[in-house]
Amino acid sequence: MANVTDLQTKYSKLAQEYSKLRAQNQVLKKAVVDEQANSLSLKDQLKQRDQSLRKQEQEMDSLSFRNQQLAKRVELLQEELAVSEAKGKKGKSKGDSPSQHGLQTQSVFDEDLQKKIEENERLHIQFYEADEQHRRQEAELKTRLGELEKNSEQHQAIVDGLTTKYMETIEQLQSDKARLEVKAQTLEREAKECRMRTEECQQQLRRCQSELNKQVKQSSSVIQEKVPFNDTKFTDYNSLNVPAHNRRHQLKARDVAGQALSLIQDLVAALLNFHSYTEQRVHIYPLDSSIEPISPLNQKFSQYLHENAAYVRPLEDSFLQLHQSITEDTVTVLETVVKLKSFADNFSSYTHFLQKILPYQLKSLEEECEAPLCTAALTAKNQELQSDMRRLTSVLEKLQNYINLLALPSVRQNAMPQSSTSAVFTQLAACLHSLHDAIKEMSKHYNQKAGLEQELPTITQKLCTTTECLLGSLGSLTSSTGKIATFFSNNLDFFTSSGYSPRGSTVGLNPLQAESMLANKKRAAAYIHAIRKPRPQSVPYREALSNRRILTSSTESREGLTQQVQQSQEKIARLEQEKEHWLLEAQLGKVRLEKESQRIADLEAQLAAALGGSPSSQPAAASTLAQCHEEAEQEQRAAGKEATLCTSLVGMLCTTPSVEHVGDEESREQLIKTHYMVRVGELTTQLQVSDSKAVHFHSECRALAKRLAIAEKSRESLSEDVKLANQNITRLQDELATTKRSYEDQLSMMSDHLCSMNETLSKQREEIDTLKLGSKGNAKKNKGR
C-alpha cells in the first residue's frame, strides 16, 4: 500500500508539472503563431512590392515602347522634313506661302519633340528613384526576414525541446499508469480470491459454529451435572479446576517475545547512539570544549548523558530474561510472567533519567538561542524542539504507567480483571503510536535545524559530522518506534485474548493453577511415554530376592566407598594445609640462614679486627667463638622441646621460641605481605591495562562502524549522483544531436533559398542594366537628333 500511495503522489506531482508545462507550451505556441503571422504579413508585403516592381517594369517597358514609337515617328518626320525641304528648294519660285507653311509645321514638330524628350527624362528620373526605393525596401525586408527566421528557429527549438520533454513525461506517466493498472488488476484478482476465500471461510465458520453450539450444549449439560470442585466462594479450593495446557499459545507467545526482543534491541541501540551523539554535540556546540570550557550547566548535562548506558542497557537485559522465561513448558499469562516486573522497573528508571535530564536539555537549547550567530529561524526551531522533548517525556511517562499496570498482576493476585487488561493493551498501542509520532516530529525539526545550521559561517566539519550521526540515530529511532507500534497493533488481538482460564470462571489464572496445570502436563507426558515403552518381562521371585540382596550389599558398599572418598578428600585438604605450612617454614629457614650467615660474617669480621691487634690472642678468640656456637646450639636444642603457636593475618604457624622469635615472625609477615601486595599490584595493573585496551578497542570499533556506515551512505549517494549525471549526459547528447541535425537541415534550406534569391537578384539586375543601357542609348539618339 505504501508503494501505491508513493506512485499516486508521484503521478499527481507529474500531472501538476505537466499542466504547468502545458500552459507554458500554450504561451509559446501563441508566440510562435504571432511570429508566423508577422512573417506571413511581411511575405505579403514583399509580394506586393514585387507586384509594384513588376508594374513599374511593365510601365517602363511600355514607356520604352512608346519611346521607340516616338523615335520612329521623329525619324519619319525628319524624313518628311528632308523631303519637304528638298521640294522647297526645287519650288522656291512658287512664292512665300508654302515656306511659311513648312516653318509652322516644323515649329510644331520641334515643340512636340521637346515635350516628349522632357517627358522621357522625367520618366527616367521616376524610374531610377523607384528602383532605389525598391532596393532599400528589399534590403530592409531581407534583414527583417532574417531576424524573424532566427526568432522562429529559436521558438521552434524551444517548442521541440518542450515537446520532447512532454513526450518523455507522457511516456513515463503512461508507463506508470500501465504499471498501476496491472497492479490494480492483480490486486482486484487477489481481492476476488480473498472474497471467495472469506465466503468459504464464512461457510466453514457457520458449519463449525453450528457444530460447536451442539457440542457446547452437550458439554454444558455434562458440566452442570458432573463437574466437581466448583466452589464459588473460595476460589483457592478450585486448584484442580484448571484448564488444559495450550501449546499453540505458548509457541505464539515465544515467537511474539522473540520479535519484540529484536525490536527492543534496535530501540536500545538507537537510544544509546542518540544520547552519545547528543553528549558529543554538547561538547562541540555552542562552545567547543577543545578550545574553551563549556558552561557548568552543559558540563552537568554531559555528565548525566555519559551515564545513559546504565539506564538503557538494563531494558535489553531484562527483556532478554523475559524472553528466556517463556518456553514451551511454561504458562504465559500476566499473572505468571514475573520477569515483566523487572522490565517495568528498568523502564521506570529510564523515564526518571529522562525527567532528570529534561531541564538541562531545555537550558542547552536556550544557550544555543543566546549564541551571537543564532538567527530567528534557528530560535524558532529550538523552541519547537523544546516542545517536542516535553511531549516525548510525557508520552514515555504515560507508557511507563501502562507497563506498570501490566506488571501488577504478576505481583498481586486478582489485581486487574480481563476487561481492564484489554483496555490497558489498547491504550498502550495508542501510546506507542503517539511515541512514534513525537519522535518523527522531533526528527523532522532536527533535520530543519541542521539545514539552517549548515548556512552559518562558523560551522565546523566536526559539528557537521556529529549532526549527521545524530540525525541518523534519530532516523533509526523513528523507524524502530514505528516498527514497535505496528508490531503491537498487529498482535493486539493476541495480547487481549485470554489463552488460559479455569472452567466455569471468567477470572484469570493464578500461580497455583498454573503449577497444577504444569504438573498435570508432566504426568500426562510421563503416562504417554510409559504407555509407548515396551513392557519388560516379569522376574521370578527367587531371582528378585537375590537381586535385592545384591542391591542392598551394593548400596552398603557404595555408602562405604562414599565415606572413604570423603575421608580421602579431608586427608588431601589437610595435606595441602601442611604443604603450605612447610613452604612457609622453608621461607623462614631461608631468612634465618641469611641472618645467621650475616651474623657469622659480622663475628668473623670482629674476630679479624680483634686478632689484628695481638697475634697471641687468636687461640683464645677461636676458643671463645667455639664456646659461643656450642652455647647457641644447646639453647636451640633446649628450646626445640617447647613449641608455640603463632597466628597472623595470613594464617596459623607453629614455631619454636628463640631469642629472635619476634624478629622472625615480623620478617615472615612482612615478606608474605610484600609478596602478595606485589602480586596484587601486578594483577591490578594488568587488569587496568586490559580494561583500557578493551575500552579503546570498543570505541575504535564503534567509530569504525559509524565511519563505515557513513561511507556506505556517501557511496550510495555518489553512485546515485553518477547515475543521474550519466543520464543527463546521454540526454544532453541526444538533444545536441537533434539540435545539430535540425540546424544542419535549416542551414541547407537557407543556403538553397539564398542561392535562389541570388539568382533572381542577378536576373533582375541584368534586366535593369539592360533597360538602363537601352534608355541611355535612346536618350543619346534623341539628343543626337
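Everything quoted here is computed from the prediction, not taken from an experiment.

Caption draft 1: The overall build of the protein chain, seen in detail. On a plain count of helices and strands, the protein chain comes out with 14 helices and two strands. Split into buried and exposed, the 785 residues of the protein chain put 25% on the buried side. Taking all contacts inside the protein chain whose residues are at least 6 apart in sequence as the whole, residues at least 24 apart take part in 81%. A total of about 54500 Å² of accessible surface is found on the protein chain, and carbon and sulfur atoms cover 56% of it.

Caption draft 2: Region of the structure containing the confidence of the model for the protein chain. Taken residue by residue, the protein chain gives an average pLDDT of 76. The fraction at 70 or more is 78%. Counted against residues more than four places away or in other chains, residues 638-662, with its pLDDT under 50, gives 41 contacts.

Caption draft 3: Spotlight on the nonpolar core. Grouped together as the largest cluster of nonpolar side chains are 69 residues, with contacts concentrated most on Leu340, Leu399 and Phe488. Contributions of two or more residues to this core are made by α3 (247-284), α4 (296-306), α5 (309-325), α6 (339-369), α7 (376-407), α8 (418-454), α9 (461-490) and α10 (492-496). Broken down by element, the residue count for this core peaks at 15 residues, all from α3. Discounting residues that sit within four places of it in the chain, leucine 340 has contacts with Leu322, Leu334, Leu406 and Ala407. Ile284, Tyr285, Ala371 and Cys374 belong to the second largest nonpolar core, which has seven residues in total.

Caption draft 4: Quick look at the packing of aromatic side chains. Evaluation of the coordinates by the stated rule reveals six aromatic pairs. Residues tyrosine 304 and tyrosine 360 carry aromatic rings whose centres are separated by 5.3 Å and whose planes lie at 65° to one another, so their mutual orientation is edge-to-face. Of this pair, tyrosine 304 sits in helix α4 while tyrosine 360 sits in helix α6, placing them 56 residues apart in sequence. When its relative accessible area of 15% is taken as the criterion, tyrosine 304 is described as buried. An aromatic cluster is present here, built from Tyr311, Tyr350 and Phe353 joined pairwise through their rings. In this structure, lysine 252 packs its charged tip against the face of phenylalanine 494, placed 6.0 Å from the ring centre.

Caption draft 5: Broad picture of the pattern of salt bridges. Across all of its chains, the model carries 15 salt bridges by this definition. Between arginine 281 and glutamate 453 there is a salt bridge, with its nearest N and O atoms 2.5 Å apart. Taken together, the residues span a long stretch of sequence, with arginine 281 in helix α3 and glutamate 453 in helix α8 at a distance of 172 residues. The exposure classification of arginine 281 matches that of glutamate 453, with both residues buried. The partner of glutamate 368 in a salt bridge is lysine 449, with the nearest N and O atoms 2.6 Å apart. With glutamate 368 in helix α6 and lysine 449 in helix α8, this pair connects stretches of sequence that are 81 residues apart. We note that glutamate 368, like lysine 449, is buried. Counted as one network, the salt bridges with shared partners bring together Arg281, Glu368, Lys449 and Glu453.

Caption draft 6: View of the environment of histidine 283. Secondary-structure assignment places histidine 283 in helix α3. A relative accessible area of 26% places histidine 283 in the partly exposed class. Separated by ten residues in the primary sequence, histidine 283 and proline 293 have C-alpha atoms spaced 9.0 Å apart. Among the polar contacts listed, one links the side chain of histidine 283 to the side chain of serine 302, at a separation of 2.6 Å.

Caption draft 7: Representation of the packing of α6 against α7 in the model. The interhelical angle for the contact between α6 and α7, taken along N-to-C directions, is 170°, at an axis separation of 9 Å. Classed by the angle they form, the pair α6 and α7 counts as roughly antiparallel. Pair α6 / α7 crosses with left-handed handedness. For the contact of α6 with α7, the class distribution of residues is 16 nonpolar, eleven polar and five charged.

Caption draft 8: Highlighting a negative patch on the surface. There is a patch of like negative charges on the surface, built from Asp61, Glu766, Glu767 and Asp769. Broken down by element, the negative patch gets its largest block of residues, three residues, from helix α14 (residues 661-784). Note on placement: aspartate 61 falls in helix α1 (residues 2-90).

Caption draft 9: Local environment of the side chain of histidine 445. With respect to the helices, strands and loops of the structure, histidine 445 is situated in helix α8. The contacts of histidine 445, once residues within four sequence positions are left out, are Lys381, Glu384, Leu385 and Asp388.

Caption draft 10: Main features of the side chain of serine 364. Note on placement: serine 364 falls in helix α6. Residue classification places serine 364 among the buried positions, given a relative accessible area of 6%. With residues up to four places along the chain from it excluded, the contact list for serine 364 reads Val282, Leu297, Asn298 and Phe301.

Caption draft 11: Summary view of the environment of valine 282. Here valine 282 shows up in helix α3. Taking C-alpha positions, valine 282 is 8.4 Å from isoleucine 294, a pair spaced twelve residues apart along the chain.

Caption draft 12: Here's a closer look at the packing of α4 against α6. Their axes nearest at 10 Å, the elements α4 and α6 cross at an angle of 145°. Remark: the crossing between α4 and α6 carries left-handed chirality. Contacts from Leu297, Asn298, Lys300, Phe301, Tyr304 and Leu305 in α4 reach Phe353, Lys356, Ile357, Tyr360, Gln361, Lys363, Ser364 and Glu367 in α6. Grouping the amino acids of the contact of α4 with α6 by side-chain chemistry returns seven nonpolar, three polar and four charged.

Definitions and limits used
Residues numbered from 1 in each chain as written. Predicted model: local features only at pLDDT ≥ 70, side-chain atom pairs only at ≥ 80, totals over all residues. Heavy atoms only, no water. Helix = DSSP H or I, 4+ residues; strand = E, 2+ residues; numbered from the N terminus. Buried < 20%, exposed > 50% of the residue type's maximum accessible area, 1.4 Å probe, protein only. Contact = heavy atoms within 4.5 Å. Areas by Shrake-Rupley, 256 points an atom, 1.4 Å probe, with all protein chains shown as cover. pLDDT = per-residue confidence, 0-100. Core = buried A, V, L, I, M, F, W, Y, C linked by side-chain atoms within 4.5 Å. Phe/Tyr/Trp six-rings, centres within 6.5 Å; stacked < 30°, edge-to-face > 60°. Lys NZ or Arg CZ within 6 Å of the ring centre and 35° of its normal. Salt bridge = Lys/Arg side-chain N within 4 Å of Asp/Glu carboxyl O. Polar contact = N/O pair within 3.5 Å; in protein donor to acceptor, adjacent residues only side chain to side chain. Axes fitted to C-alpha atoms, helices over the stretch in contact; angles between N-to-C directions. Parallel < 35°, antiparallel > 145°, perpendicular 65-115°, else oblique. Left-handed = near helix turned anticlockwise from the far one by under 90°. Nonpolar A, V, L, I, M, F, W, Y, C, P; charged D, E, K, R; others polar. Patch = residues over 30% accessible without salt bridge, like charges linked within 9 Å, V, L, I, M, F, W, Y side chains within 5 Å. Lys, Arg positive; Asp, Glu negative; His and termini not counted. Charge placed at Lys NZ, Arg CZ, Asp CG, Glu CD.

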